[in-house]
Amino acid sequence: MFNLAAGALEWLPTGFNWAVLPVAVALVVLALRERTRPLAATGFLVAAAVSAALLSLLLAASVFHLLGYGRALIDLLLNFGPSVTGQYIATLAHENGPRFLSLAPMVFTTGLASVAAIYLRRVRDPE
């Protein structure tokens with residue numbers, strides 16, 4: 001059961017990347033027409049909420065995983081000194097860096113979808 005959850009967390013950014021493009025295209029098409037802009041704004045809000053929820057889940061799992069290395073870091077620091085501990089931290093960052101970089105589309109989706117929703121919801125002054 002744990003392997004299934006770990007595998008799902010590993011593939012979640014890839015699935016998100018495949019799903020975000022068609023949703024974004026549909027919402028942009030809806031935003032082009034005046035009548036459907038409120039619907040597009042709601043869609044952008046939902047996209048931002050889903051992205052933030054998935055992002056928080058993945059970040060919580062990653063932090064929990066990395067905090068498991070805390071005892072090893074303290075043992076290395078006390079037994080071998082700061083140079084060995086620094087090399088160990090560099091190795092951890094090198095191995096886990098791509099995992100954190102794969103979260104970048106989720107971060108950008110949360111921010112940009114929120115901005116788009118606010119922009120589409122603003123009240124237009126009659127000219």
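Above this text sits the structure in question.
Quick caveat: nothing in here was measured; it's all calculated off a predicted structure.

> Outline the overall build of the protein chain, supporting the account with residue identities and numerical values.
Within the protein chain, the secondary structure is distributed over 5 helices and 0 strands. Taking 2.2 N^0.38 as the reference for a compact globule, 127 residues should give roughly 14 Å; the C-alpha atoms of the protein chain span a radius of gyration of 21 Å, well beyond that estimate. Overall, the protein chain is about 70 × 35 × 15 Å in size when its C-alpha atoms are taken along their principal axes. Partitioning the contacts of the protein chain with sequence separation of at least 6, the portion at a separation of at least 24 is 74%. Counting every atom, the protein chain has about 9,200 Å² of accessible surface; 74% of that belongs to carbon and sulfur. The average position of the 8 basic charges and that of the 6 acidic charges among the side chains of the protein chain differ by 11 Å.

> With reference to specific residues and values, describe the packing of helix 2 (residues 37-67) against helix 4 (residues 82-101).
With their axes 11 Å apart at the nearest point, helix 2 and helix 4 run at an angle of 170° to one another. Compared by their axis directions, helix 2 and helix 4 come out roughly antiparallel. Note on element contacts: helix 4 touches helix 2 through Asn96, Arg99 and Phe100, opposite Leu59, Ser62, His65 and Leu66.

Reading guide: rules and limits
The residue numbers shown here count from 1 along each chain, following its written sequence. Given that the model is predicted, a residue must reach a pLDDT of at least 70 before its local features are reported, and side-chain atom pairs must reach 80 or more before they are shown or counted; all residues, however, enter totals for whole chains, interfaces and linings. Heavy atoms from the whole structure form the basis of all side-chain values; hydrogens and water molecules are not counted. Helix and strand assignments come from DSSP, with helices taken as H or I runs of at least 4 residues and strands as E runs of at least 2, each series counted from the N terminus. We take the radius of gyration over the C-alpha atoms and set the globule estimate at 2.2 Å times the residue count to the 0.38 power. Contacts: residue pairs with any heavy atoms within 4.5 Å of one another. Every accessible area reported is derived by Shrake-Rupley at a probe size of 1.4 Å, with residue values counting cover from the shown protein chains alone. For the purpose of counting charges, residues Lys and Arg are taken to be positive, whereas Asp and Glu are taken to be negative. His and the chain ends are not included. By convention, the point assigned to a charge is CZ for Arg, NZ for Lys, CD for Glu and CG for Asp. An axis is simply a line fitted to the C-alpha atoms; with a helix, the fit covers only the stretch in contact. Between two such axes, the angle follows the N-to-C directions and lies from 0 to 180 degrees. What sets the label is the angle itself: under 35 degrees gives roughly parallel, over 145 gives roughly antiparallel, 65 to 115 gives roughly perpendicular, and the rest give oblique.

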